[in-house]
Amino acid sequence: MKRSRVLAVLVGGVFIVAVMSLNRMLELMQGAGLKQRGETPAGQVHDDLSHLQQKIDRLEHLLSDNNRLVATLRDSLLQRKAPWETGARANVSSDSAHGQTDRLPGCRLADEPKDGANGVQLLDVYDLLPFDNPDGGAWKQGFEIRYQGNEWDEQPLELFLVPHSHNDPGWLKTFDSYYQDQTKHILNNMLIKLSEDSRRKMIWAEISFFSKWWNDIDDQKREIVKRLLRAGQLELVTGGWVMADEANSHYFALLDQLIEGHQWIQRHLGVKPSSGWAVDPFGHSPSMTYLLKGAGLRDMVIQRVHYAVKKHFAKQQTLEFLWRQSWDSSSRSDITCHMMPFYSYDVPHTCGPNPAICCQFDFHRLPGGRVSCPWRIPPQPITEQNVQERALLLLDQYRQKSRLFHSPVLLVSLGDDFRFVESSEWDAQFSNYQKLFDYFDQHPELHVKARFGTLSDYFKALRRRLTAAGTTLPTLRGDFFTYSDRDDHYWSGYFTSRPFYKRLDRTLEATLRATEILFSLTTAEMRRYRGDGHLVADFPAHQHFQRLTTGRRSLALFQHHDGVTGTARDPVVVDYGTRLFHSILNLRQVLQSSAHWLLLLDKSQYHYDQSKPFLKMDDVISAQDALPQKTLLTLSDEPRSLIIFNPTEQLRTSVISIVVDSPDARVVDAQTGQPMTAQISAVWEEPTLASAEDFQLDFVAQLPPLSLVVYHVTKASVGSANRARYTFHRRGNPPTIQTEHFQVSRPEGPDTDAPLSLSNKHVQIWSSSETGLLQKLRLQSGLVRQVQVQFLWYGTTRNRDKSGAYLFLPGEEGAQLYSSSEPPLVRVSRGPVFSDITSCFRHFTHRVRLYHLEGHAGKSLEISNMVDIRSEVNRELAMRIVSNVASGNRFYSDLNSFQMQQRRTLAKLPLQAHFYPMTSASFLQDETSRVSLLSAQSQAVASLRPGELEVILDRRLQQDDNLGLGQGITDNKLTASLYQLLLEDRRGGAQEVGGASVQHLSLLAHLTSLSLCHPPITMVATSDSQLPKLRPFLPLQSSLPCDVHLLNLRTLEDTQEAGSPSQEVALLLHRKGFDCSSAPEPPLQCSWSAHEEVNLDDIFSPLQFSSVRQSGLTLLREDDEPESARPQRAPHVARLRPMEISAFRVEIG
Ligand SMILES: [Zn+2]
């Protein structure tokens, strides 16, 4: 009592001092402003400032409770904006006065954890392991486990047998077929069989299936479900829409499928998942654990981890650990993780080390059934005669397994793919195991307590034991790629398999995010317009919300570990593709009608007619397996209105590309009448044949954040438009060019062999005149790097096991350089908006383009490939970049686009082990330079030699790889891939001193990646001459800070009216960590701050939030910050930590 009063007085005193100091600082900062105008002695101010800064830092530490107030004061003082209206160049918002001259502000925050190398780092484990794969005996990939028998005398073995049924939402059958044939029977029987005996338990993971079943069952059954949940007999684990792939999935989609599942659970069942269950994804990513932790889960189970890593962890008794984010210097991101020790999650590999024995305890395999034990010793029904022998045999396995763990609590799963379908199977498993458990109970001298359990039961017991023993689990950082289940079988093929659909996945993702944001802004704007909280009557809000929901669920379903992975049967792939395709079309309708309403000057003119939309997209996707095609825009003297939506939170300069029917066209800003820089290029029907009717019109657009901007396109007078100029190169066989509208020249004389070169203000490139492929890059700063592009073929090994949908088994010879009997046609185009070099090879068309733009869009090279390997047999096509960056054996690839992970190329591992998933980025670096390859789609990446980086573009494999799929992958299509290549100077680059340093993309790379993954969306207004008046929609006054990404603005479902949008929106912000060693020159247009506190009202101005409640990442209501914990009204100050995603439940307006 007394002590706390003293404390209160102290804290109060400190607070007063803090406020006074802040006032003093305010004065001083104003002085610092004067200083620049030369009115105050500079040195004194500087000293005072650094002194005060130290003081403030100390006070802030003490005053964590008052952080927000402090932040508000500071923000109002320091935050200077970069309003796009004035085009004013921006600004580092704050710390230039704080003495950080060479370091970017904000780096301090992102930088901190670099030395936080406590705990186990998986990369170090890789350095340590011999990867020698010796025969371990009964446990083939492990070792012989010994025990005395008295280990459990003090603390008995406490065993939880967790029944589960692994239901793939699509693999050999489609989602719907699995549901009809298996899943609904499993769930129906679950109700009956769990109700028969309260000791029985079950866990369920896939909410896609569960929600479908829920729609089919009556209220009585629903009540039983709720009762089983309350009783703890049924547990929903993870609670995602699917058990997501963790390699190819983007974190947007990973989180979105988790939100969709959790929101469904909250609405219908009111429970909250606390344990994660991921037994089948082919390798595991810490990005997923970050999301699980953020969603409120405490524990998780993983299974598919490299067998050598499992063995190592088993030996060290570290199969259970606290999984921590590499960049986290605190314990905030820790989640308790249990790694299954053996080969699989089926019964033979979960009771203990010997599958031949464990299989005898899978009572679904009793003689006479459809499945049996491959080890040829069948299970026996448990009888009074054999119970002792059987129980002791099983106990021996349990005890051996227990020796691999720190505590005497043991988790054993009981299940397999699509198990527990028939009621006889339930009876066989539950009654036989109950007899064994009863036997253990009757024999206390065995010191074992065994029962059916859920994951929560297990983890609760584990926590209790750990607390009692006063021990904690070790900490681990890193990821579990690339997975191998045996020998040299590395599962790196699926990082690329079905690349067409991996790209379609990202197209839907970008469309969904754009639509979510625009829809949320539209409904908020409508409520504000009407003033009574209702939406405009003619706006089909309910229908649109259904379309959004279907879009969310299609994307979510595809994140399944046989969806985006490309490891499903052909008809299932078509089913997924059709869902993705239809969702894109449906979401486009929502986008179009939202944009329509927002753009109308006179809102009373709004009318929704699905058959006659006011706006259309500028392209058409004709089928699930077709690439988008631009539609031809007919021009006249009457202006055609183009509407561009910028789905990013940054002001950007973008090149908009449309196809028109005239080589003479003009584009003006509809608002100002100002003409835009434009370029007319040929549409090439064949490499040397230009269309005489269609022309590509590209123009430079200035797009404010989240804006809808209107442009007018008209036919122009002949010859008034800038047309691209072309040169063609082909060694030995000069091509005949057919074009009437463009100037074409051929290289002559000494020019023929000279390298091709393109340049803009920022960068110059050189390419081979023979192949057109890139050779060298030079930055304006003077930095020169050799950056050669090559193409290669991988084949497959001559051994019995060959590459397939999952596995990459290229054989020892590795890749062969791509060569063609015909020299490629090389087409160079030059114009005022962009210049490019296109190389037309037989199997692919490769294009490198340089945009003539100011700002960051002109700093990288756009690389695009169009690949067709349908004529090939057992081949994979790769694109390799060979540079003279001294990267050693290290490179970095991203994990789910959420974070970067260091990779090491090790001689002891086979080639295929060195391929890693790349969702959106990888880079190589040395002390003075960094080369980043940013991608718009997921695929495999490797750096097999220093300075090299390669990605697999497509793979065509004729055979099954014996992992259950039962087919090869030969459904290849014409497949597009898109990249940005970025060379950057590094100054004071972080030295890598042992360990694994945490690295981030640079700010420039983040912004480039954002632009690449979220291109502007172009719509065309109907050609009706009686167009209503349109005005641009500009929701934000300025760009968000450079490092703050608006991940989503996702309208939540109305709690009263099912299927309708509520006023509540999930605001998801991701504050990116960024690299400090490259300062962009000239500075970026956005601002950033070194402070964690951000005033949401300021950065989203003029949008108004009427309420803001911080929440868990999946917006479960009970996670919300309590109403009383914050001021009722603005300012809404939030703490955004670098690398972290923050979720808020907000109402706009
Ligand atoms: Zn599966």
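Keep in mind it's a predicted model, so treat the numbers as computed, not measured.

**Digging into the packing of aromatic side chains**
Counted according to the given criterion, the structure contains 57 aromatic pairs. Note on phenylalanine 420 and phenylalanine 430: the rings are 5.9 Å apart at their centroids and 45° apart in plane angle, and the pair reads as tilted. Highlighted residues: phenylalanine 420 in the loop between strand 9 (409-417) and helix 14 (423-442) and phenylalanine 430 in helix 14, separated in sequence by ten residues. By the burial criterion, phenylalanine 420 is buried, and phenylalanine 430 matches it. Look at tyrosine 433 and phenylalanine 437: their rings are 5.9 Å apart centre to centre, the planes differ by 45°, and that puts the pair in the tilted class. Taken together, the residues span about one helical turn, with tyrosine 433 and phenylalanine 437 both in helix 14 at a distance of four residues. The pair formed by tyrosine 433 and phenylalanine 437 is uniform in burial state, with each residue classed as buried. One aromatic cluster is present, built from ring pairs that chain together Phe361, Phe363, Phe420, Trp426, Phe430, Tyr433, Phe437 and Phe452. Above the ring of tryptophan 766, the side-chain terminus of lysine 776 is found at 4.7 Å from the ring centroid.

**Considering the environment of tyrosine 483**
By the secondary structure assignment, tyrosine 483 is in the loop between strand 11 (475-477) and strand 12 (484-486). In this structure, the C-alpha to C-alpha distance between tyrosine 483 and proline 281, residues 202 residues apart in sequence, is 9.8 Å. Every residue in contact with tyrosine 483, bar those within four places of it in the chain, is listed here: Phe282, Gly283, Arg304, Val305, His306, Tyr343, His489, Tyr490 and Trp491. A polar contact is formed between the side chain of tyrosine 483 and the side chain of arginine 304, at a distance of 3.0 Å.

**Quick word on the coordination of the zinc ion**
Every protein donor of the zinc ion is listed here as His166 (NE2), Asp168 (OD), Asp280 (OD) and His561 (NE2), and their distances to the metal cover 2.0 to 2.1 Å. Each of the four donor atoms around the zinc ion contributes to a set of angles spanning 90 to 166°, which defines the coordination as irregular. We note that the donor set of the zinc ion lies within a single chain, spaced as H-x1-D-x111-D-x280-H.

**A closer look at the state of the cysteines**
Such a bond, covalent and formed between the sulfur atoms of two cysteines, is termed a disulfide. Applying the stated criterion across every chain yields a total of three disulfides. Residue cysteine 1042 pairs covalently with cysteine 1086 via a disulfide, S to S 2.1 Å. Between cysteine 1042 and cysteine 1086 the sulfur-sulfur dihedral comes to about 110°; the bridge is accordingly right-handed. With cysteine 1042 in the loop between strand 44 (1017-1021) and strand 45 (1044-1053) and cysteine 1086 in the loop between strand 46 (1061-1071) and strand 47 (1093-1095), this pair connects stretches of sequence that are 44 residues apart. For cysteine 1042, a relative accessible area of 6% translates into the label buried. Under the relative-accessibility criterion, cysteine 1086 is labelled buried at 3%.

**Here's the deal with helix 7 (residues 207-216)**
Burial analysis of helix 7 places seven of its ten residues in the buried class, which makes it a mostly covered element. Listed in full, the buried residues belonging to helix 7 are Ile207, Ser208, Phe209, Phe210, Ser211, Trp213 and Trp214. If you follow the buried residues of helix 7, they end up packed against helix 6 (175-196), strand 3 (202-204), helix 8 (219-230), strand 4 (234-236), helix 9 (251-268) and helix 17 (541-558).

**What to know about a negative patch on the surface**
A grouping of Glu685, Glu686, Glu693 and Glu740 is seen on the molecular surface, where their side chains present a negatively charged patch. Tracing the backbone shows glutamate 685 in strand 21 (residues 678-686).

**Re the pattern of salt bridges**
Applying the stated criterion across every chain, the model contains 64 salt bridges. Beyond isolated ion pairs, a larger network of salt bridges with shared partners links Glu1064, Arg1109, Arg1117, Asp1120 and Arg1145.

**Structural notes on helix 10 (residues 286-294)**
Most of helix 10 is tucked away, with seven of its nine residues classed as buried. For helix 10, the set of buried residues is Pro286, Ser287, Met288, Thr289, Tyr290, Leu291 and Leu292. Where helix 10 ends, the next residue or the one after it, glycine 296, has phi of about 100°, a positive value.

**Some thoughts on the packing of helix 6 against helix 8**
Packing of helix 6 against helix 8 brings their axes to within 10 Å, and their N-to-C directions diverge by 55°. When the interaxial angle is binned, helix 6 and helix 8 end up oblique. The handedness of the crossing between helix 6 and helix 8 is left-handed. Note on element contacts: helix 8 touches helix 6 through Lys221, Ile224, Val225, Arg227 and Leu228, opposite Asn188, Leu191, Leu194 and Ser195. A breakdown of the residues in the contact of helix 6 with helix 8 according to their chemical character gives five nonpolar, two polar and two charged.

**Structural notes on the confidence of the model for the protein**
Confidence along the protein averages 90 in pLDDT terms, with 88% of residues attaining 70 or more. Segment residues 1-43: pLDDT under 50, and 36 contacts once partners within four positions in sequence are set aside and those in other chains are kept. Low pLDDT (under 50) marks residues 991-995, which in the prediction has ten contacts with non-local residues, meaning those over four places away or in another chain.

**What about the sheet that holds strand 22 (residues 689-703)?**
Overall, mixed pairing links the four strands, which are arranged 17-19-22-21 in an open sheet. Edge strands, defined here as strands with exactly one partner in the open sheet, are strand 17 (632-633) and strand 21. Across nine bridges, strand 19 (residues 652-660) lies against strand 22 in antiparallel orientation. Each bridged residue has a counterpart across the sheet, and for valine 659 the counterpart in strand 22 is glutamine 696.

**Digging into the nonpolar core**
Membership of the largest hydrophobic core comes to 261 residues, with the highest contact counts inside it found for Phe210, Tyr398, Tyr433, Phe480 and Phe1100. The element best represented in this core is helix 18 (residues 570-599), accounting for 13 residues. Residues within four places of tyrosine 398 in sequence aside, it is in contact with Leu157, Leu159, Leu161, Cys351, Leu410, Val412, Tyr433 and Phe440. Core analysis: the second largest hydrophobic core is formed by 32 residues, Ala665, Leu697, Ala724 and Ile737 among them.

Rules used in this analysis
- Position numbers for residues count from 1 along each chain, tracking the sequence in the order it is written.
- Thresholds applied to this predicted model are a pLDDT of at least 70 for local features of residues and 80 or more for the giving and counting of side-chain atom pairs; totals over whole chains, interfaces and linings are not thresholded and use all residues.
- Processing note: side-chain calculations cover all non-hydrogen atoms of the structure and skip hydrogens and water entirely.
- Each Phe, Tyr or Trp ring, with Trp reduced to its six-membered ring, pairs with another whose centre is within 6.5 Å; inter-plane angles below 30 degrees give stacked pairs, above 60 give edge-to-face pairs, and intermediate values give tilted ones.
- For helices the rule is a DSSP run of H or I covering at least 4 residues; for strands it is a run of E covering at least 2, with both sets numbered from the N terminus onward.
- Classification of residues uses two cut-offs on accessible area relative to the type maximum, computed with a 1.4 Å probe and protein chains only: under 20% is buried, over 50% is exposed, and between them is partly exposed.
- For a ring to carry a charge above it, either NZ of a lysine or CZ of an arginine must fall within 6 Å of the ring centroid while also lying within 35 degrees of the normal to the ring plane.
- Here a residue-residue contact requires only that any non-hydrogen atoms of the pair lie within 4.5 Å.
- Under this definition, polar contacts are N or O atom pairs within 3.5 Å; protein pairs additionally need one hydrogen-donor-capable and one acceptor-capable atom, and for neighbouring residues in sequence, both atoms have to be side-chain atoms.
- Donor selection uses N, O and S atoms within 2.8 Å of the metal (3.2 Å for Na, K and Ca). Since no water is included, sites may look incomplete.
- In these descriptions, tetrahedral denotes four donors with every angle between 85 and 135 degrees, square planar four donors and octahedral six donors with opposite donors over 155 degrees apart and the rest between 65 and 115, and irregular any other case.
- Pairs of cysteine sulfur atoms within 2.5 Å are identified as disulfides in what follows.
- Patch membership needs two things, relative accessible area over 30% and no salt bridge, and members are linked within 9 Å if like-charged or within 5 Å if nonpolar (Val, Leu, Ile, Met, Phe, Trp, Tyr).
- Computed by Shrake-Rupley with a 1.4 Å probe, the accessible areas treat only the displayed protein chains as cover when residues are assessed.
- Salt bridge, as used here, is a side-chain nitrogen of Lys or Arg placed within 4 Å of a carboxyl oxygen of Asp or Glu.
- Positive charges come from Lys and Arg alone, negative charges from Asp and Glu alone, with His and the N- and C-terminal ends not counted.
- In plain terms, the charge of a residue is placed at NZ if it is Lys, CZ if Arg, CG if Asp and CD if Glu.
- Axis lines are fitted to C-alpha atoms, over the contacting stretch for helices. Their N-to-C directions set the angle, which ranges from 0 to 180 degrees.
- Throughout, the term roughly parallel applies to angles under 35 degrees, roughly antiparallel to angles over 145, roughly perpendicular to angles from 65 to 115, and oblique to all others.
- A clockwise turn of the near helix away from the far one marks a right-handed crossing, whereas an anticlockwise turn of less than a right angle marks a left-handed crossing.
- Side-chain classes are defined by residue name, with Ala, Val, Leu, Ile, Met, Phe, Trp, Tyr, Cys and Pro counting as nonpolar, Asp, Glu, Lys and Arg as charged, and the others, Gly among them, as polar.
- One number per residue, pLDDT, summarises how confident the predictor is, and it ranges from 0 to 100.
- Here, strands pair whenever DSSP counts at least two bridges between them.
- Nonpolar cores were defined as sets of buried Ala, Val, Leu, Ile, Met, Phe, Trp, Tyr and Cys residues, with membership established by side-chain atoms within 4.5 Å.

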